[in-house]
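A structural walkthrough
Take a look at the letters that make up each chain.
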Amino acid sequence: MTSSSSPSSGIAGLQALFDAQHLASRAQIDVPLAVRQGRLLRIRALLDEHGNALAEAVNADFGVRSAQLTEIADIFVLRSLLSSTLRQLPKWVKPVKVSTPLYLQPSRAYLQRQPLGVVGVVSPWNYPVQLSLGPVITALAAGNRVMLKPSELTPQTSALLATLIGKSFAPDELCVVQGDGSLAAAFAGLPFDHLFFTGSTAVGRKVAEAAAANLTPTTLELGGKSPCIIDPSCDLDKAAIKIAHGKLLNAGQTCIAPDYVLLPKGSETAFGEAFTRAVATLFPTIAGNPDYAAIISARHLERLQALLAQAEGEGARLQTINPVNPGATNVDAASRQMAPVLVFDTPANSKLLSEEIFGPILPVLPYDSMDAAIRYINARPRPLALYWFGTDTGSRDHVLANTVSGGVTVNDTLMHIAHENLPFGGVGESGWGSYHGEAGFLRLSQQKPVMVQSKWARGDLFYPPYGKRFEQVMGLLKRLI
């Protein structure tokens, strides 16, 4: 069933849309595999037919964001997720047998994987297609109905998603609602069976509070100060190109972008030179380069400039990297393209070291020993991602054993999120819950435990009145278990 127009949006229509999905989810609790596959194939068709239009909408919202960047960071990731999910879904939906303890035999038991019902998805602006449809794909695979609230900071992309989804899905299957922060607050207050939010830690707290009023379980994909650790065994040039790519993809507006670099004391200058070479390789020009994304809005650009000004005022040293014109300002005002900036000698109380940066600014922090670097990380909220560079496997394993993070990539950045069979999510202030692969399917499913009693069962051996026979049975079991 499809709808020829996008569903109504606005606070007034929220409850009606939710009620329709809630009723439909309760009317069809058992969602057949074919229905789930059909919904995923409609998403695939949407991407195949309208991927170029979506890339154009993203570019219009950012001002500068190449179609190629949207293809690799949004559309391709979704195509991979769809392909993997469709391939593995027949296995995922099957009941899972579990072993039965001796004292309950010869009964049998299994886990029945069922849809939760209605899932709400609140998505951000930085990857507005991927981070909208990724959770949607996972929720649909699990058999749920979905309401999507995309970001108001990417209005053209959000409007196009609403139109395309409205043409491909009935509102009681999947719908899009559009609006500002007040609508998002009302959305988070709906009694969903699960609420999925991607965004900042500050807003995530508000979402969790709103969901708690309805005892709605949540998945929160938040930000965090993700460190890059450079081991003494590391080749700086090899590390710098990968750190620069991870940091400057989407101009640093990536939740798992490297947020600061920890490196051996005395290697700061060498790293600065290696990073400068890496930037020149990736982005020979900054202003006017379609491969180098703009900062999403003037307000966000002002925030980044204020962070730099504060750090410099506190004694930090800034190294702006502009390959064509090294002496130029770090911002092209017309395009909102901001040149990368390395920050050295950053004061410990600087906002650059406490707030998520979400832009092309990279503090460089020297350490005296690897244990000192580990202590620095562990003294702060647990990061969404951690990156380690080097060839010393003992040092690597020491870091991995003594730090906790949402995910890790060794000798690269970002790549763990692209691995379709690795769960992606945060820990502590960087979020909770995960998706991608079977982990996401299970997150948005109810694994209902079922025990089927055998006609040969002797549960009566445990019934009162308790006496000698009961003591004999319990004595035997104590010896066997």
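Residues numbered from 1 in each chain as written. Predicted model: local features only at pLDDT ≥ 70, side-chain atom pairs only at ≥ 80, totals over all residues. Heavy atoms only, no water.

In a packed pair of helices, the relevant descriptors are the angle between the two axes and the axis-to-axis distance. Packing of helix 11 (residues 370–378) against helix 12 (residues 393–402) leaves a shortest axis separation of 10 Å and a crossing angle of 25°. With respect to each other, helix 11 and helix 12 are oriented roughly parallel. For helix 11 against helix 12, the interelement crossing comes out right-handed. The segment helix 11 lies against helix 12, with Met370, Asp371, Ile374 and Asn378 engaging Ser395, His398, Val399 and Asn402. (Axes fitted to C-alpha atoms, helices over the stretch in contact; angles between N-to-C directions. Helix = DSSP H or I, 4+ residues; strand = E, 2+ residues; numbered from the N terminus. Parallel < 35°, antiparallel > 145°, perpendicular 65-115°, else oblique. Left-handed = near helix turned anticlockwise from the far one by under 90°. Contact = heavy atoms within 4.5 Å.)

So, on to the sheet that holds strand 20 (residues 445–452). In sheet architecture, strand pairing relies on hydrogen bonds along the backbone and comes in two forms, parallel and antiparallel. With antiparallel pairing, 3 strands are arranged side by side in an open sheet as 1-2-20. The strands lining the two open edges of the sheet, one partner per strand, are strand 1 (96–98) and strand 20. Within the sheet, the average angular offset between the axes of one strand and its neighbour, ignoring direction, is 30°. Bridge count for strand 1 against strand 2 (residues 108–115) is 3 bridges, and the pairing is antiparallel. Bridge pairing in strand 2 places Val96 opposite Leu111. (Pairing = 2+ DSSP bridges.)

Here the focus is the nonpolar core. Counting 94 residues, the largest nonpolar core has Leu47, Ile243, Phe271 and Phe275 as the members making the most contacts within it. For this core, the leading source of residues is helix 3 (residues 67–92), giving 9 residues. When sequence neighbours within four positions are dropped, the list of residues in contact with Ile243 reads Cys228, Ile230, Pro258, Val261, Phe271, Phe275, Leu362, Phe389 and Thr413. Counting residues in hydrophobic clusters, the runner-up holds 19 residues, among them Leu14, Val122, Phe187 and Phe192. (Core = buried A, V, L, I, M, F, W, Y, C linked by side-chain atoms within 4.5 Å. Buried < 20%, exposed > 50% of the residue type's maximum accessible area, 1.4 Å probe, protein only.)

The next thing to look at is the pattern of salt bridges. A full pass over the atoms with the stated rule returns 16 salt bridges. The partner of Arg205 in a salt bridge is Glu429, and the shortest N-O contact between them spans 3.5 Å. With Arg205 in helix 7 (residues 201–212) and Glu429 in the loop between strand 17 (424–425) and strand 18 (431–432), this pair connects stretches of sequence that are 224 residues apart. For Glu429, a relative accessible area of 41% puts it in the partly exposed group. Connected via shared salt-bridge partners are Arg39, Arg42 and Glu173. (Salt bridge = Lys/Arg side-chain N within 4 Å of Asp/Glu carboxyl O.)

Taken as a whole, the protein chain shows an average pLDDT of 93; of its residues, 98% reach a score of 70 or greater. Note that pLDDT drops below 50 for residues 1–8; the model gives that stretch 31 contacts with residues more than four away or on any other chain. (pLDDT = per-residue confidence, 0-100.)

If you trace the backbone, Thr154 turns up in the loop between strand 4 (145–149) and helix 5 (155–168). Given the relative accessible area of 1%, Thr154 is considered buried. Apart from residues lying up to four places away in sequence, Thr154 is in contact with Asp61, Phe62, Trp125, Pro128 and Ile296.

A few words now on the sheet that holds strand 5 (residues 174–176). Strand order in the open sheet formed by 6 strands is 5-4-3-6-7-18, with mixed pairing between adjacent strands. Whereas interior strands pair on both sides, the edge strands pair on one side only; in this sheet they are strand 5 and strand 18. Relative to strand 7 (residues 218–221), strand 6 (residues 194–198) runs parallel, the two being bridged by 4 bridges. The partner of Phe197 across the bridge, within strand 7, is Leu220. Contacts between helix 7 and the sheet are confined to strand 6, strand 7 and strand 18, with strand 6 contributing the most and set at about 170° to the helix.

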